[in-house]
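Residues per chain, in single letters:
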Amino acid sequence: MSEVPYAMSINGQRVFSGETAQAINPATEQLICDFPMASREHLEAAVAAAKAAFPAWAATPVEARQRSLEALADVIEQNQEAFIELLITEQGKGRGGAEWEIGGAIHWCREIAKQRLEEEVVLRQGDEEVVTRHTPIGVVGAITPWNFPLLLAVWKIAPALMTGNTLVLKPSPFTPLCTLWFGELAQAVLPAGVFNVVSGGNELGQWLTEHPDIGKISFTGSTSTGRRVMQSAASNLKRLTLELGGNDPAIVLPDVDPKAVAKDLFWASFANSAQFCVASKRLYIHEDIYDELARELVAYAQGVKLGNGMEPDTELGPLQNRMQYEKVCDLLEDSRRAGHRFLIGGEVGSGPGFFIPVTLIDNPPEDSRCVVEEAFGPVLPLLKYRDLDDVIARANDTPYGLAASVWGRDVQAAERVARRIEAGTVWINQAHVFSPGFAFGGHKQSGLGIENSLHGLAEYTNMQTLMRKVLP
Ligand code: NAD
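Within each chain, residue numbers correspond to sequence positions counted from 1 in written order. Per-residue local features are limited, in this predicted model, to residues with pLDDT of at least 70; the limit for side-chain atom pairs, both in listing and counting, is 80 or more; totals at the level of whole chains, interfaces and linings are taken over all residues. As a convention, hydrogens and water are excluded, and side-chain values are obtained from all of the structure's heavy atoms.

Observations concerning the overall build of the protein
Next up, step 1: Strands are runs of DSSP state E lasting at least two residues, helices are runs of H or I lasting at least four, and both sets are numbered from the N terminus onward. In terms of helices and strands, the protein carries 15 helices and 22 strands.
Next up, step 2: C-alpha atoms define the radius of gyration, and 2.2 Å times the number of residues to the power 0.38 defines the globule rule. Relative to a compact globule of 472 residues, whose C-alpha radius of gyration would be 23 Å, the protein shows 23 Å and is just as compact.
Next up, step 3: On the principal axes, the C-alpha backbone points of the protein span a range of 75 × 65 × 40 Å.
Next up, step 4: Classification of residues uses two cut-offs on accessible area relative to the type maximum, computed with a 1.4 Å probe and protein chains only: under 20% is buried, over 50% is exposed, and between them is partly exposed. A burial count over the protein gives 58% of its 472 residues as buried.
Next up, step 5: Counting contacts in the protein only where the partners sit at least 6 residues apart, residues at least 24 apart contribute 72% of the total.
Next up, step 6: Lys and Arg are tallied as positive, Asp and Glu as negative. Neither His nor the chain termini are counted. Charge coordinates come from a single atom per side chain, which is NZ of Lys, CZ of Arg, CG of Asp or CD of Glu. Taken as two groups, the 41 positive and 58 negative side-chain charges of the protein have centres that lie 3 Å from each other. Any two residues whose heavy atoms approach within 4.5 Å are treated as being in contact.

What follows is the structure, encoded as structure tokens:
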């Protein structure tokens with residue numbers, strides 16, 4: 001490996017920068033490699049290239065754009081094992097999680113490639129016709145976080161390109177490598193300038209969101225950054241899709257068998273070491289089954305292997321970066337000071353690696369930090385309830401509204417609860433089910449707009465009403 005093995009992709013070229021930063025393996029805290037830090041000039045070049053490439057790409061027949069997306073899926077598939085290893089190395093997740101993410105990236109490219117926004121004739125009357133159609137926006141700026149770096153990038157790349165836009169993408173500075181490499185490989189199957197990748201710090205994200213030649217920003221990240229993105233995007237009224245944070249409740253009804261659901265409930269919270277926007281972050285358990293389910297969860301957690309994702313039996317990896325690790329340590333310290341009881345976990349080892357053990361907290365007060373804040377780490381409060389109206393009110397008492405789940409043997413009763421939850425996705429007796437065909441988006445301060453499905457595709461377009469009348 002050379003010192004800077006992955007380049008930015010600007011106008012079809014591999015581009016390096018005089019300035020670099022370090023990509024760190026979160027399981028070892030060792031340097032993986034340096035990566036380029038884009039200057040303002042790099043960003044200007046990327047936006048100019050995307051702008052120049054736009055007219056031809058927008059005019060490219062949709063079938064050709066479909067083939068390009070399928071070719072993008074192929075380049076990931078041809079390098080699948082190397083992507084999996086790079087993802088484990090830079091993100092920290094276990095092998096199962098990395099396979100899921102890389103497989104998902106391939107699947108999403110292929111499925112979004114089949115989606116179409118057809119023209120619709122809304123009126124045909126005599127010699128008059130009214131048609132609504134979708135036109136591409138122009139240059140899209142995409143900004144991604146560090147928890148699912150490649151999959152969440154593909155959630156933006158595929159619909160943006162499919163609808164005829166060109167793209168400038170900025171990965172998180174904590175996990176830039178898979179995205180940079182994908183950008184490089186993509187140049188072989190796309191015209192120059194259609195898909196540009198620039199890496200850099202948070203200031204690069206700010207420049208992107210302020211840029212007057214960008215027509216839309218698609219952002220996934222925290223709610224606080226989302227607010228800043230919205231402010232910057234106001235300068236030229238950019239279209240916006242914001243996928244933000246959540247504090248997702250899971251409600252367990254009294255008729256469930258604790259033994260039967262403990263495993264699914266565990267992974268609903270702890271998959272990807274709980275660095276999952278839709279992780280169950282507050283687990284409300286009916287008092288009749290609270291003790292038994294708590295015991296089952298502890299027993300299951302005891303058998304889960306935490307470690308370096310490169311070791312084959314690792315199920316949970318470290319947190320992705322020191323900043324997040326320290327944030328979660330601080331949350332644990334707060335619980336300790338408040339006298340919360342840890343059913344398991346709570347003690348953090350000395351490293352190396354940003355490892356935090358699975359921690360279950362026994363019924364802390366509803367206003368505790370570990371209940372009201374998005375932990376984004378493996379710390380889960382178990383919360384007791386007696387009354388259904390009360391637990392629904394508690395579940396909804398949050399500025400967030402990303403996702404939720406309800407667990408019950410009586411599915412109709414569970415659905416009645418689900419329909420009262422204020423969240424963009426509500427699962428019943430399952431969690432983390434996504435599809436290119438299912439709309440995904442947040443209510444309240446968890447976001448704006450939709451990703452996936454034809455609703456998500458439409459967000460990469462302007463709608464045009466075309467009215468035709470024949471002259472006499
Ligand atoms: P973050 O907001 O810190 O960073 C996200 C991205 O924004 C990064 O690429 C970062 O460099 C960039 N950025 C930072 N400041 C910016 C600015 N002022 N202008 C423009 N861009 C800027 O989020 P994170 O810590 O990387 O990710 C964790 C958060 O993301 C969590 O809150 C999680 O819930 C959320 N998330 C949401 C979803 C979803 O689909 N709703 C998915 C994954 C993660």
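Picking up after the structure, the text goes on.
A few points about the site of the ligand
Next up, step 1: Surrounding the ligand, one finds 28 residues, the nearest of these being Thr144, Asn202, Ser222, Leu244 and Glu374.
Next up, step 2: Whenever a nitrogen or oxygen atom comes within 3.5 Å of another N or O atom, the pair is scored as a polar contact, on the condition that within protein one atom can donate a hydrogen and the other can accept it, and that pairs from neighbouring residues in sequence are kept only if both atoms are in side chains. Contact between the ligand and Leu244: a nitrogen atom at 2.7 Å from a main-chain N or O atom of the residue.
Next up, step 3: When isolated, the ligand has an accessible area of 850 Å², and the protein chains bury 93% of it.
Next up, step 4: Elements with a contribution of two residues or more to the shell around the ligand: α7 (202–210), β10 (216–220) and α8 (223–233).
Next up, step 5: Across the shell around the ligand, the residue classes break down as 13 nonpolar, 11 polar and 4 charged.
Next up, step 6: Throughout the structure description, domain borders are defined by an automatic or database domain assignment. Taken domain by domain, the makeup of the shell around the ligand includes at least three residues from each of domain 1 (8–244 + 446–467) and domain 2 (248–428). For this description, a residue counts as near a given molecule or strand if any of its non-hydrogen atoms is within 4 Å of it. Note on areas: these come from Shrake-Rupley sampling with a 1.4 Å probe, and a residue is covered only by the protein chains present in the view. Basically, the charged four are Asp, Glu, Lys and Arg, the nonpolar ten are Ala, Val, Leu, Ile, Met, Phe, Trp, Tyr, Cys and Pro, and anything else, Gly included, counts as polar.

So, the pattern of salt bridges
Next up, step 1: Only one rule defines a salt bridge in this text: a Lys or Arg side-chain nitrogen within 4 Å of an Asp or Glu carboxyl oxygen. According to the stated counting rule, one finds 30 salt bridges in the structure shown.
Next up, step 2: Salt-bridge contacts for Arg95 lead to Glu81; the nearest nitrogen and oxygen are separated by 2.7 Å. Highlighted residues: Arg95 in helix α4 (residues 95–112) and Glu81 in helix α3 (residues 80–91), separated in sequence by 14 residues.
Next up, step 3: Looking at Glu81, the relative accessible area reads 37%, which means it is partly exposed.
Next up, step 4: Ionic pairing is found between Arg468 and Glu129, a salt bridge with its closest N-O pair at 2.1 Å. On the criterion of sequence distance, the pair formed by Arg468 in strand β22 (residues 461–469) and Glu129 in strand β6 (residues 128–136) is long-range, its members being 339 residues apart.
Next up, step 5: Within the structure, one salt-bridge network assembled from shared partners comprises Glu333, Asp334, Arg336 and Arg337.

A short note on the side chain of Thr425
Next up, step 1: Turning to its location among the elements, Thr425 is positioned in strand β19 (residues 425–428).
Next up, step 2: What makes Thr425 buried here is its relative accessible area of 13%.
Next up, step 3: In this view, Thr425 contacts Leu402, Ala403, Ala404, Ala439 and Phe440; residues no more than four positions away in its chain are not counted.

Points about the pairing of strand β7 (residues 139–143)
Next up, step 1: Across the 5 residues that make up β7, a large majority, 5, are buried.
Next up, step 2: Neither face of β7 is left uncovered, since the one carrying Val139, Gly141 and Ile143 and the one carrying Val140 and Ala142 both have all their residues buried.
Next up, step 3: Judged from the 5 bridges that link them, β7 and strand β8 (residues 166–170) form a sheet pairing that is parallel. From the neighbouring strand, Ile143 faces β8, where its bridge partner is Lys170. A pair of strands is considered paired only if DSSP assigns at least 2 bridges between the two.

Examining the sheet that holds strand β14 (residues 342–344)
Next up, step 1: Read from one edge of the open sheet, 7 strands run β14-β15-β16-β13-β12-β18-β19, paired in mixed fashion. Edge strands, defined here as strands with exactly one partner in the open sheet, are β14 and β19. For this sheet the average axis-to-axis angle between neighbouring strands, irrespective of direction, equals 25°.
Next up, step 2: Across 3 bridges, strand β12 (residues 248–252) lies against strand β18 (residues 403–407) in parallel orientation. Each residue of the ladder has a partner; that of Ala250, found in β18, is Ser405.
Next up, step 3: Lines fitted to C-alpha atoms define the axes here, with helix axes fitted over just the stretch in contact, and angles between the N-to-C directions of these axes take values from 0 to 180 degrees. Across the sheet, helix α14 (residues 411–418) touches β12, β18 and β19, and the angle it forms with β19 is around 165°.

Looking at the packing of aromatic side chains
Next up, step 1: Here the aromatic set is Phe, Tyr and Trp, taking the six-membered ring for Trp, and pairing holds for ring centres within 6.5 Å; pairs whose planes are under 30 degrees apart are stacked, those over 60 apart are edge-to-face, and all others are tilted. Applying the stated criterion across every chain yields a total of 16 aromatic pairs.
Next up, step 2: With a centroid separation of 4.2 Å and an interplanar angle of 35°, the aromatic rings of Phe83 and Trp181 are classed as tilted. Of the two residues, Phe83 sits in helix α3 while Trp181 sits in helix α6 (residues 177–186), which places them 98 residues apart along the sequence.
Next up, step 3: On the numbers, 5.3 Å between centres and 80° between planes, the contact of Phe434 with Phe440 is edge-to-face. Accessibility assignment for this pair places Phe434 and Phe440 in one class, buried.
Next up, step 4: Aromatic rings pair up to connect Trp100, Trp108, Phe148, Trp155, Phe276, Trp427, Phe434 and Phe440 into one cluster.
Next up, step 5: Lying across the ring of Tyr460, Lys216 places its NZ or CZ 4.8 Å from the centre.
Next up, step 6: The ring of Tyr290 has Lys384 lying over it, and the distance from NZ or CZ to the ring centre is 4.8 Å. Two conditions define a charge located above a ring, namely a distance within 6 Å from the ring centre to NZ of Lys or CZ of Arg, and an angle within 35 degrees of the ring normal.

Quick notes on the domain arrangement of the protein
Next up, step 1: When its domains are assigned, the protein resolves into domain 1 (8–244 + 446–467) and domain 2 (248–428).
Next up, step 2: Across the contact, 23 residues belong to domain 1 and 25 residues belong to domain 2.
Next up, step 3: Taking both sides of the interface into account, the surface hidden between domain 1 and domain 2 amounts to around 2,000 Å²; carbon and sulfur atoms contribute 58%.
Next up, step 4: Linking domain 1 with domain 2 are 1 salt bridge.
Next up, step 5: Between Arg322 and Glu29 there is a salt bridge; the shortest N-O distance is 2.9 Å.
Next up, step 6: Along the contact surface separating domain 1 from domain 2 lie 10 residue pairs in polar contact (both at pLDDT 80 or more).
Next up, step 7: Listed by contribution, the elements that provide at least two residues to the side of domain 1 that touches domain 2 are α3 and α4.
Next up, step 8: Looking at which element gives the most residues to the side of domain 1 that touches domain 2, the answer is α3, with 5 residues.
Next up, step 9: Residues of the side of domain 1 that touches domain 2, tallied by class, amount to 8 nonpolar, 9 polar and 6 charged. Buried surface area refers to the total accessible area, computed with a probe of radius 1.4 Å, that the two partners give up upon joining, counted for both partners together.

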